[in-house]
Amino acid sequence: MNDRFSTNGDGKKPAPKNRISPVDGQRPAHPDNPETEREQQIIEALKGRYDEIEALWEQAEENLKQFRVPHRVEHCYYSDYDHGYPFHQSLWWTRYGKGWRIVHEARTAYSEIDEKHDDECEWKPITECPLDLRLAMIAEFDNLRKKVVEAAEKAVPTLDEAISSFRTILKG
């Protein structure tokens, strides 16, 4: 009957006195437990590295944005034709959502066997992929970057020709 009314005026029951975790969200202090301290050091070390990997992938996207290629660019790094339908894995530089992103694609290429059957694709920005995939794609990024640079280089004469043609039309 003592817990019937709140003592702090918010209508809620008071917090129990023997809480395991503190109310303010901070970790409980266990200075006498070296195992907990070691675990916290491991957690902090991993968190810092995960954050750095994500920041580097974001930096890679910023690096590719400067080329302003007029179309998406694919780097297919794995294909399997031996187990049923063809299966491909690729890194793409493509528009995803509202911006250009590095995107990982896993595609079952049904259309390579039967044109009437659509491919099954799974697209995901690299920064949202599992860590093991992001780590494996570090080695493939350079290949994607080379293809983006090549596409940008090929776009220059195409754009020059289009600009010249458009100027001629506008003068006519």
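For the structure itself, look to the data block above.
Residues numbered from 1 in each chain as written. Predicted model: local features only at pLDDT ≥ 70, side-chain atom pairs only at ≥ 80, totals over all residues. Heavy atoms only, no water.

## Digging into the overall build of the chain
Within the chain, the regular secondary structure consists of two helices and four strands. Starting at the N terminus and walking to the C terminus, you meet the elements of the chain as α-β-β-β-β-α. Here the chain holds 172 residues, and 23% of them are scored as buried. In the chain, of all internal contacts separated by at least 6 residues, the share reaching a separation of at least 24 is 48%. Carbon and sulfur atoms form 51% of the exposed surface of the chain, whose accessible area is close to 13300 Å². (Helix = DSSP H or I, 4+ residues; strand = E, 2+ residues; numbered from the N terminus. Buried < 20%, exposed > 50% of the residue type's maximum accessible area, 1.4 Å probe, protein only. Contact = heavy atoms within 4.5 Å. Areas by Shrake-Rupley, 256 points an atom, 1.4 Å probe, with all protein chains shown as cover.)

## Let's talk about the sheet that holds strand E2 (residues 87–96)
Spatial ordering of the open sheet is given by E1-E2-E3-E4, a layout of four strands whose pairing is antiparallel. Strands at the two margins of the open sheet, each flanked by one partner only, are strand E1 (73–80) and strand E4 (120–125). On average, each strand axis in the sheet is inclined to that of its neighbour by 25°, with strand direction left out of account. Pairing geometry for E1 and E2, over seven bridges, is antiparallel. Residue pairing across strands places aspartate 80 opposite phenylalanine 87, the latter belonging to E2. Together, E2 and strand E3 (99–108) form the strand contacts of helix H1 (residues 34–65), whose direction differs from that of E3 by roughly 110°. Each of E1, E2 and E3 touches helix H2 (residues 131–171); the most contacted strand, E1, lies at about 130° to it. (Pairing = 2+ DSSP bridges. Axes fitted to C-alpha atoms, helices over the stretch in contact; angles between N-to-C directions.)

## With respect to H1
Helix length check: H1 (32 residues) gives 47 Å between terminal C-alpha atoms against 46 Å at 1.5 Å per residue, within 8%. Ile53, Trp57, Ala60, Glu61 and Leu64 are the residues of H1 that are buried. Of the surrounding elements, those touching the buried residues of H1 are E2, E3 and H2. (Expected span 1.5 Å × (residues − 1).)

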